[in-house]
Amino acid sequence: MTSATGHPQSVRAQSAPSRSGQSRLGVGDRMTEWGRRALDPKGIVVVLLIVILLAIIVLNPSFAEPGSLMRFIQRVAPIAIVAIGQYFVIVSGEFDLSMGAVVTAQVMTVGHLVGVDESKTVPVLFVLVGIGILVGLINGLATTLLRVPSFIVTLGTMLVIHGAIMWWTGGVATSNPAENFRQIGRGGFENIPLIDSIPYAVLVLAAVILLAVWLSRRPFGRTLTAIGDNSAAATFAGSRVWWTKTSAFVLSSLSATVAGVLLVGFAGVHPSVGQGYEFTAITAVVLGGVVLGGGRGTVLGALTGAFTLEALFTLLNFTAVPATMRDAIQGAIIIAAVAYSGVVFARRRKRSRTSTSTNSATTSADPTTTSAESAPSTPSTGGDGAVRQ
Amino acid sequence: MRTGLKPVLRTAVAVVGASALIALAGCTTDPTVEPGGGEGGGEDSSEEWFDQELYDRQFEERDVVPDGPEDKPYLQMISPEMGDTSEFESDGGKKMCFANASISNPWRQTGWITMNEQLKDLKKNGVITEMETRDAQDNDDTQIADIDYFISEGDCDGFIISPNSTSAITPAVERACKTDKPVIVFDRGVETDCAVTFIHPIGGFAWGIDTSQFLIDNLDAGDKVVALRILPGVDVLEQRWAAADKLFGEADIDVVDYFTEGDPAEIKKVVSDELAKGDVQGVWMDAGDGAVSAVEAFEDAGKDYPVMTGEDELSFLRKWKETEMTALAPVYTNFQWRTPLLAAEMIFNGEEVPTEWVLPQSPITAEDLDEYLDRNEGMPDGHYAKFGGEDLSGFPEVWQDRVIP
């Protein structure tokens, strides 16, 4: 019940001085600080990611080459973008289960509309954006104005979209679309010094990250978190809950659209592309420390979650684990990681109730954990709640 | 209020998560789905699924020249034992009732379109005048209910059943048989021989033998093959793999297998990772969905094309032609969707039909490739080259536009 994000502005003011205070720490303190951060639920996923990446490099040293790394980021880009979209919805306390269906719909739409005609690439991109906005609006307005739980709404849109697309396309692609459309997800700038090549997908991902981080630090993002934390309080504070949430759904569908465009290039047009993306995205988001039910989490957390998840899949490809065992191992690692953050959060919340003083100290160090990007979520740690008590 | 809401949310997530798993298990790109054959998967799963007797039989059947008209493969039969059907001979228009497992993948969709065109054609003869279809959507319980509905209220003159799974559907098929009306089972089998005829292509072992033999012939001992499989526990798929794995092992081919659910994105990741580990000389697939993205993974990594076996889906045949790679397209006979209705007409006419109607299943080779590409010009990528409907009245528009009835 320690709702903390009610006043985003005050939070920011509070975190600023603590950052400057950080620089005065000695080396020993800093080491302790690093250790403490690694054990932090938000840090643990970073540690996990690093461990997995190191394991992959040990098994296959060529993975560390810039070209391989770029290809890895290119591959993670679609799921990372979808996870970022899902983050906005989840942090506002809702779910978007229609993302996978939107990805499939966009992929199949491209397959059907672009065909071999390169000149159709740009007009079709506009159509896709239109579809994305429309789905997001339906999801958002039905959730907020009609007060249907987003769970049901998006489950419904998922089925409607899937059914409609199967009906329209007969469940198969006519053919892969024109090569210039596929280049967006498959190609890149070649002959770049040092790193060999930069896939376009990596640049798209970078743009999405920048936009999402910026949005999450704008009043919009802060209001979204506040709504997820305590919708009633946010309403009393004067936020337009319905519009903010609807925007989150639109962002989510648009991110699924971007992922769809990349997947057309990466994988090709096929009705199974995008299937299950909503759950992969939710898993990534939760793994990245974003709390189901809303009110806590960061864009970069969701991003890290997505990278960790994909790195895990890659690691399992590099090991000699029997094919039948892989799902089980993935599941176990995900549960362990999420359970760990759950336990630590619970313990910390308990601690925050017992001793206020230690906790304000903890909080003051906290914002530096992942520097700027964690600022929006910092207030939601138990410590901040304690301060406000 | 928030704390009160969260457990609800959590439960909801669990429920949706669980149903997604169930949906995944039932949702496959393979024609014939039987979730869970009993044995849990393990390292030696290919041995668990191996059946020497069936393997030997299918091995032989691959080389048998089928009986029947040469230009109508859907009426050909391999080593048939004919059964008497005179008890069903009767005049007048008949209504068939079709309990379909699903149309949830391109293979089944293609077959379903062909079957409906066949029905239109047969109506002209005045024997089969009507067909009522229920789609079980990959669900055993739904299919059992469908069959029971047909028995009690369907007003059916005969049944066509494409079982969703072998053992679960068996009792319902037996109940249908007890109505003393003809029952025709096709695609996947059931554990009873009460049906008048069971129509199917040779089978999974034959697929595994054809494909692995092709790779072995074109590769050297010690070469690396990546096996891309849809999902575990489906018996037809497991049989394909069991035969291939056995032969790869005997030929000293280094093979590693993955489950991809036929998702091209997943296939691309898996193949890219294997190429990052080291060179790959061959790709084997237990169903051709997503084959193109496996080939593209080689292109993107700048490696030589592998020797590859996919399926007779046009996307693969077209990529094969374009790249001129060394490849083979095994076939899980799609034209078998025509045969049940034709069999029904024969049965009502009192003509003999085989008790087990084994249809040919011959792969498309490099020599046949151009012919099959020509015959299927203008068809969508997800269309199956050996769909066998060229002589039906709706050809080619119905398949080109892919109008799913």
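Bear in mind that the values here come from a model prediction, so they are computed numbers and not experimental data.

**Remarks on the confidence of the model for chain B**
Residues and elements named next belong to chain B.
Right, on to step 1. When pLDDT is averaged across chain B, the result is 88; 89% of the residues are at 70 or more.
Right, on to step 2. A low-confidence stretch, residues 1-43 (pLDDT under 50), is modelled with 71 contacts involving residues beyond four sequence positions or located in other chains.
Right, on to step 3. ipTM for the predicted complex: 0.76, alongside a pTM of 0.80.

**Describing unusual backbone geometry**
Residues and elements named next belong to chain B.
Right, on to step 1. A cis amide bond links Phe395 to the next residue, Pro396, at an omega of 0 degrees.
Right, on to step 2. The phi dihedral of Ser79 is positive, around 40 degrees, even though this residue is not glycine.
Right, on to step 3. For Ser79, a count of 13 C-beta atoms within 10 Å corresponds to the partly exposed category.
Right, on to step 4. Backbone geometry at Asp155 places phi at a positive 55 degrees, although glycine is not the residue there.
Right, on to step 5. For Asp155, the location among the structural elements is in the loop between helix H5 (140-153) and strand S4 (158-162).

**A short note on the packing of helix H10 (residues 219-229) of chain A against helix H12 (residues 241-266) of chain A**
For any two helices packed against each other, the geometry comes down to the angle between their axes and how far apart the axes lie.
All names here are of chain A.
Right, on to step 1. Look at H10 against H12: their axes get within 10 Å of each other, and the N-to-C directions meet at 105 degrees. Here H10 lies roughly perpendicular to H12, going by the angle between them. Contacts from Phe220, Thr223, Leu224 and Ile227 of H10 reach H12 at Val241, Thr244, Lys245, Ser247 and Ala248.
Right, on to step 2. Grouping the amino acids of the contact of H10 with H12 by side-chain chemistry returns five nonpolar, three polar and one charged.

**A short note on the confidence of the model for chain A**
Reading fine detail from the predicted coordinates is not recommended where pLDDT is low.
Residue and element names in this part refer to chain A.
Right, on to step 1. Confidence in the prediction of chain A, expressed as mean pLDDT, is 81, and 81% of residues score 70 or more.
Right, on to step 2. Within the model, the stretch residues 1-23 combines pLDDT values under 50 with 36 contacts to residues more than four positions away or in other chains.
Right, on to step 3. Across residues 356-389, where pLDDT falls below 50, the model places 80 contacts with residues more than four positions away in sequence or in other chains.

Calculation notes
Residues numbered from 1 in each chain as written. Chains lettered and ligands numbered in written order. Predicted model: local features only at pLDDT ≥ 70, side-chain atom pairs only at ≥ 80, totals over all residues. pLDDT = per-residue confidence, 0-100. Contact = placed C-beta atoms within 7 Å. Buried ≥ 20, exposed ≤ 12 C-beta atoms within 10 Å, placed from the backbone. Helix = DSSP H or I, 4+ residues; strand = E, 2+ residues; numbered from the N terminus. Axes fitted to C-alpha atoms, helices over the stretch in contact; angles between N-to-C directions. Parallel < 35°, antiparallel > 145°, perpendicular 65-115°, else oblique. Nonpolar A, V, L, I, M, F, W, Y, C, P; charged D, E, K, R; others polar.

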